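Topology and contacts: notes
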Amino acid sequence: MSARRILLLGPPGAGKGTQAQRLVDRLSIPQISTGDMFRAAVAAGTELGKQLEAIMDSGELVRDEIVIAVCRERLTQGDAGDGFILDGFPRTVGQAEALDGLLDSLGVKLERCVALVVDDEAIVQRLLKRAQVEGRSDDNEETIRHRMRVYREQTEPLVAYYRERGVLVEVSGMGGIDAVAHGIQEALA
Ligand code: AMP
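All residue numbers refer to positions counted from 1 along the written sequence of the respective chain. Totals for whole chains, interfaces and linings use all residues, but because this is a predicted model, local features are given only for residues with pLDDT of at least 70 and pairs of side-chain atoms are given and counted only at 80 or more. Water and hydrogen atoms play no part in the side-chain values, which are based on all heavy atoms of the structure.

Turning our attention to the environment of Leu52. Of note, Leu52 is situated in helix α3 (residues 47-58). Counting along the chain gives 10 residues from Leu52 to Val42, while the straight-line C-alpha distance between them is 6.9 Å. Should any heavy atoms of two residues lie within 4.5 Å, those residues are considered in contact. Apart from the residues lying within four places of it in its own chain, the contact partners of Leu52 are Phe38, Ala41, Val42, Val62 and Ile66. To qualify as a helix, a DSSP run of H or I must reach at least 4 residues; to qualify as a strand, a run of E must reach at least 2; elements of each kind are numbered from the N terminus.

What makes a nonpolar core is a set of buried Ala, Val, Leu, Ile, Met, Phe, Trp, Tyr and Cys residues whose side-chain atoms join them at distances within 4.5 Å. Summary of the burial criterion: residues with accessible area below 20% of their type's maximum are buried, those above 50% are exposed, and those between are partly exposed, where the area comes from a 1.4 Å probe applied to protein chains only. The biggest cluster of nonpolar side chains holds 32 residues, and the ones touching the most others in it are Leu75, Phe84, Leu86 and Tyr162. Among the elements of the structure, β1 (5-9), α2 (34-44), α3, α4 (64-75), β3 (84-87), α5 (93-106), β4 (112-117) and α8 (157-164) are those that each provide at least two residues to this core. Setting aside residues up to four positions removed in sequence, Phe84 forms contacts with Arg4, Arg5, Ile6, Ile29, Pro30, Ile32, Leu75, Leu103 and Leu110. Ala14, Val24, Val114 and Met148 belong to the second largest nonpolar core, which has 23 residues in total.

Quick look at the site of the ligand now. As a structural note, the neighbourhood of the ligand is formed by 16 residues, with Thr34, Arg39, Glu60, Gly88 and Gln95 the closest of them. Interatomic distance of 2.6 Å between a backbone N/O atom of Glu60 and an oxygen atom of the ligand. In the analysis that follows, any N or O atom pair within 3.5 Å is treated as a polar contact, provided that within protein one partner can donate a hydrogen and the other can accept it, and provided that, for residues neighboring in sequence, both atoms belong to side chains. Between the ligand and the protein, one listed contact pairs a nitrogen atom with a side-chain N or O atom of Gln95 at 2.9 Å. The Shrake-Rupley method, run with a 1.4 Å probe, gives the accessible areas here. Residue values count only the displayed protein chains as cover. In the complex, 96% of the free accessible area of the ligand, which totals 480 Å², lies under the protein chains. Considering each element in turn, the shell around the ligand owes the most residues, 4 residues, to α2. For each residue, the test is whether any non-hydrogen atom lies within 4 Å of the molecule or strand; if one does, the residue is near.

With that out of the way, let us pick up the environment of Ala54. Among the secondary structure elements, Ala54 is positioned in helix α3. Note: C-alpha distance between Ala54 and Val117 (63 residues apart in sequence) is 29 Å.

Inspection of the secondary structure assignment puts Thr92 in the loop between β3 and α5. For Thr92, a relative accessible area of 9% corresponds to the buried category. A polar contact of 3.1 Å, which involves the side chain of Thr92, links it to the side chain of Asp64. For Thr92, the side chain forms a polar contact with the main-chain nitrogen of Gln95, separated by 3.0 Å. Excluding residues within four positions of it along the chain, Thr92 makes contact with Leu61, Asp64, Gln154 and Leu158.

What follows covers the pairing of β1. Of all 5 residues making up β1, 5 are buried, and the element is well covered by its neighbours. Pairing between two strands requires that DSSP report at least two bridges joining them. In this structure, β1 lies alongside β3, joined through 4 bridges in parallel fashion. Within β3, the position partnered with Ile6 by the bridge is Ile85. For β1 and β4, the ladder comprises 4 bridges, and the chain directions are parallel. Bridge pairing in β4 links Leu7 to Cys113.

Here you go:
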């Protein structure tokens, strides 16, 4: 039996998106990526998208109220009823507390937080490579280093938050994609 209400935690470039996709295929539950939802809003040119674009390009975090509203909407959709993989949300303690309240109101609990453990410098190099391939506008070196600092300051405290709640498992994110996927599978068992 695998956990089905899952949070993937880790700095930008740790491989959360790739691993989330593996879990989507294996467990048939949706990936909920705030970054992907925000990029879709930017691409669609919506009002929200226009506000988000500048924030994302700077490497800063989008305001908690906006992020929480978007996730509330997404988590209450039918396909998330039997499980979900959160990727890139929550990113602050305030968002984590809001998520607890939201899941409480839905009568469910987060079953596992998988924290991918990686080396910062290796990640910066990985992201610079991704910048060339995908051409993401927030993948330049200055913004990458800034997003790393933002992660360490605002998001890393969630490791302790979920450890205290007894749902944290740390998995090395430094191996190949298959090796990391295997580590995650064991962590969810
Ligand atoms: P990602 O694709 O997860 O790396 O997200 C790209 C950008 O979207 C981040 O650098 C933030 O500007 C914004 N973003 C995504 N998720 C969140 C979140 N949970 N809280 C605040 N900002 C977010």
